[in-house]
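# Fold and contact review
Take a look at the letters that make up each chain.
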Amino acid sequence: MMKIKVGLIGFGRMGRFYLNEFLKNDKFEVAYVCDVDESCRALAKALVPSAKVTADAEEIFNDPEVTTVALCAYADTRRQGIERAIATGKHIIAEKPIAQTSADEWAVVEMAEKSKVFTTVNMYLRNSWYHHAMREFINSGEIGDLAILRICHMTPGLVPGEGHEAEGPSFHDCGMHYVDIARWYAGSEYDTWHAQGVRMWSYKDPWWLQAHGTFKNGVVFDITQGFVYGQMSKNQTHNSYVDIIGTKGIVHMTHDFKTAWVDLRGVTQTLKIEKPFGGKNIDKLIDLMADSIMSGKRHEHMPLFRDSAIASQMATAMLENASQHAMPAIGTLTELEEIRERRRHMTNGYGLLPKNRK
Ligand SMILES: NC(=O)c1ccc[n+]([C@@H]2O[C@H](COP(=O)([O-])OP(=O)(O)OC[C@H]3O[C@@H](n4cnc5c(N)ncnc54)[C@H](O)[C@@H]3O)[C@@H](O)[C@H]2O)c1
């Protein structure tokens, strides 16, 4: 079997997750790893000696044997990467967001939809077993009519100034996943919204935000996201759940990043499912891409650039809404620096970015 030669661009936290999954999947061969950071390249050479390691992504785009790229650097280089991949006829697995501004995201959507290459984006919740199990249960009619979507994700994760500047405040960087999955459940477009934010540690942007509102089909939602959940607590924890309420029953899910628990309470069935959480589901994403390339037909479960552009645009709209009314500033920048300092020295924490850089 001819393997799919892939070039990996951006070898930080996500890039390393991709490498692990590509190495485990015998349909792929990692032909290149690219990173602008020297220490990341040194690590790539050690981990995958058979690959070419480069600081210049053009080497990958100019190699006709590479048929697929995984774009795992930041949003500020994504549009350019997508344009080059399309121009050189390479399939694309992109990290989110697919570009840095909404205008660029829509330009990229248009380019992708006109091109012949397969494109997908790591909206990883769409590939999770728990959301599929819950949506299937809802669609079977067990909870009556879908009415209320409640989603919460609060962790002591990435704080401002640690990286990801190109991805915006946490409600955009991380929150866009929840904005996307609420729309996936509702099966409808956002209609109205109101948002409340707080500028924790007096940082310029809110690092906690709650939005609520309606979809065009009348389903209501509330989404809470914040990387503000006790960064300085001696023993850290998080609070992450999805709570879906119908006219007759409910579905609920929570996880500890290792195991996920789904509780399905329908009119004829009560089901409790406990299975491994599945992390970022990159194994599933790359398998969907391999299937698409090998069959010549786009797999229907591959998340679309268009879904990512909508989620990103809506997360931005909710942030803008929050900025139009009271947005208290609580805490100090000194506390924020203490948190950053603690995270710099943590070896086991939430969303820590790789440290082996200059
Ligand atoms: N889908 C998800 O759930 C999810 C989760 C986390 C991060 N992400 C996204 O993944 C991307 C990377 O995040 P991360 O957490 O891995 O960050 P990171 O800082 O750990 O890694 C990014 C890497 O990209 C490299 N880089 C920057 N510019 C480059 C360029 N022009 N060419 C080559 N390499 C370049 C950096 O040196 C760094 O090693 C971000 O866009 C982020 O939003 C997605």
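Keep in mind that what you see is a predicted model, and the values were worked out from it rather than measured.

## Focus: the overall build of the chain
When helices and strands are tallied, the chain shows 11 helices and 15 strands. In terms of C-alpha radius of gyration, the chain reaches 21 Å, essentially the compact-globule figure of 21 Å for 358 residues. With the C-alpha coordinates aligned to their principal axes, the bounding extent of the chain is approximately 55 × 50 × 40 Å. Counting only residues that meet the buried cut, the chain has 44% of its 358 residues in that class. In the chain, of all internal contacts separated by at least 6 residues, the share reaching a separation of at least 24 is 70%.

## A look at the packing of helix H1 (residues 13-24) against helix H9 (residues 282-295)
Orientation of H1 relative to H9, taken along the N-to-C sense of each, is 60°, at an axis distance of 9 Å. The pairing of H1 with H9 is recorded here as oblique in orientation. For H1 against H9, the interelement crossing comes out right-handed. Side by side, H1 and H9 meet where Phe17, Tyr18, Glu21 and Phe22 of the first sit next to Ile282, Asp283 and Ile286 of the second. Of the residues contributing to the contact of H1 with H9, the split by class is five nonpolar, no polar and two charged.

## Looking at the sheet that holds strand S3 (residues 52-54)
Pairing within the open sheet is parallel, and its six strands lie in the order S3-S2-S1-S4-S5-S6. The open sheet terminates on both sides in strands that have one partner only, identified here as S3 and strand S6 (119-121). Shown here is a sheet whose adjacent strand axes are inclined to one another by a mean of 20°, direction ignored.

## Section: the nonpolar core
Grouped together as the largest cluster of nonpolar side chains are 101 residues, with contacts concentrated most on Val6, Leu8, Ile9 and Ala182. Examining the composition of this core, we find that nine residues originate from one element, helix H10 (residues 305-323), more than from any other. Built from parts of two domains, this core gets at least three residues from each of domain 1 (4-117) and domain 2 (125-279 + 311-345). Beyond its immediate chain neighbours, meaning those up to four positions away, Ile9 contacts Cys34, Ala57, Ile60, Val69, Ala70, Leu71, Cys72, Ala73 and Gly81.

## Thoughts on the domain arrangement of the chain
For an interface, size is often stated in terms of accessible area lost upon the parts coming together. Taken domain by domain, the chain comprises domain 1 (4-117) and domain 2 (125-279 + 311-345). When each unit is reduced to the centre of its C-alpha atoms, the spacing between domain 1 and domain 2 is 28 Å. Taken together, the contact between domain 1 and domain 2 spans eight residues of the former and six residues of the latter. Per-class residue counts for the side of domain 1 that touches domain 2 are three nonpolar, two polar and three charged.

## Considerations on the sheet that holds strand S11 (residues 239-246)
The mixed open sheet is built from nine strands, whose spatial order is S14-S13-S12-S11-S7-S10-S9-S8-S15. The open sheet has two free edges, formed respectively by strand S14 (270-276) and strand S15 (329-330), since each of these has just one partner strand. The strands touched by H10 are strand S8 (190-200) and strand S9 (208-215); relative to S8, the strand with the most contacts, the crossing angle is about 60°.

## Digging into the site of the ligand
Lining the immediate environment of the ligand, one finds 29 residues, of which Gly10, Gly12, Arg13, Met14 and Ala73 sit closest. Per-class residue counts for the shell around the ligand are 14 nonpolar, seven polar and eight charged. Both domains that meet at the shell around the ligand, namely domain 1 (4-117) and domain 2 (125-279 + 311-345), each give it at least three residues.

## Points about H9
An ideal rise of 1.5 Å per residue puts 20 Å on 14 residues; H9 measures up with 20 Å between its terminal C-alpha atoms. Burial in H9 covers these residues: Ile282, Leu285, Ile286, Leu288, Met289 and Ala290. Residues of H9 that are buried sit in contact with strand S1 (4-9), H1, strand S2 (28-34), strand S4 (68-71), strand S5 (91-94) and S6. Of the residues flanking the end of H9, it is Gly296, one or two places downstream, whose phi is positive at about 75°.

## As for H1
Taking 1.5 Å as the rise per residue, H1 with 12 residues should run 16 Å; its terminal C-alpha atoms sit 17 Å apart, in good agreement. Of all the residues in H1, the buried ones are Met14, Gly15, Tyr18, Leu19, Glu21 and Phe22. Those residues of H1 hidden inside the fold are in contact with S1, S2, helix H2 (38-47), S4 and H9.

## Side note on unusual backbone geometry
Residue Pro97 follows Lys96 across a cis peptide bond; omega there is -15°. Within the element layout of this structure, Pro97 appears in the loop between S5 and helix H5 (102-114). Phi at His164 takes a positive value of approximately 65°, unusual for a residue other than glycine. With respect to the helices and strands, the residue His164 is situated in the loop between strand S7 (146-154) and helix H7 (170-173).

## Here we look at the pairing of strand S13 (residues 259-265)
Side chains Ala260, Val262 and Leu264 project from S13 onto a buried face, and the interleaved Thr259, Trp261, Asp263 and Arg265 project onto a face without burial. In the sheet, strand S12 (residues 250-255) pairs with S13 via six bridges, with the strands oriented antiparallel. Note that in S13 the partner of Thr254 across the bridge is Trp261. In this antiparallel pair of consecutive strands, S12 and S13, the connection spans three residues, and Phe257 shows a positive phi of 70°. Bridge count between S13 and S14: seven bridges; the pairing is antiparallel. Following the sheet pairing, Arg265 is matched in S14 by Thr270. Linking two consecutive strands that pair antiparallel, namely S13 and S14, is a turn of four residues.

Basis of the calculations
Residues numbered from 1 in each chain as written. Predicted model: local features only at pLDDT ≥ 70, side-chain atom pairs only at ≥ 80, totals over all residues. Helix = DSSP H or I, 4+ residues; strand = E, 2+ residues; numbered from the N terminus. Rg over C-alpha atoms; globule rule 2.2 N^0.38 Å. Buried ≥ 20, exposed ≤ 12 C-beta atoms within 10 Å, placed from the backbone. Contact = placed C-beta atoms within 7 Å. Axes fitted to C-alpha atoms, helices over the stretch in contact; angles between N-to-C directions. Parallel < 35°, antiparallel > 145°, perpendicular 65-115°, else oblique. Left-handed = near helix turned anticlockwise from the far one by under 90°. Nonpolar A, V, L, I, M, F, W, Y, C, P; charged D, E, K, R; others polar. Pairing = 2+ DSSP bridges. Core = buried A, V, L, I, M, F, W, Y, C linked by C-beta atoms within 7 Å. Domains from an automatic or database assignment. Near = placed C-beta within 6 Å. Expected span 1.5 Å × (residues − 1).

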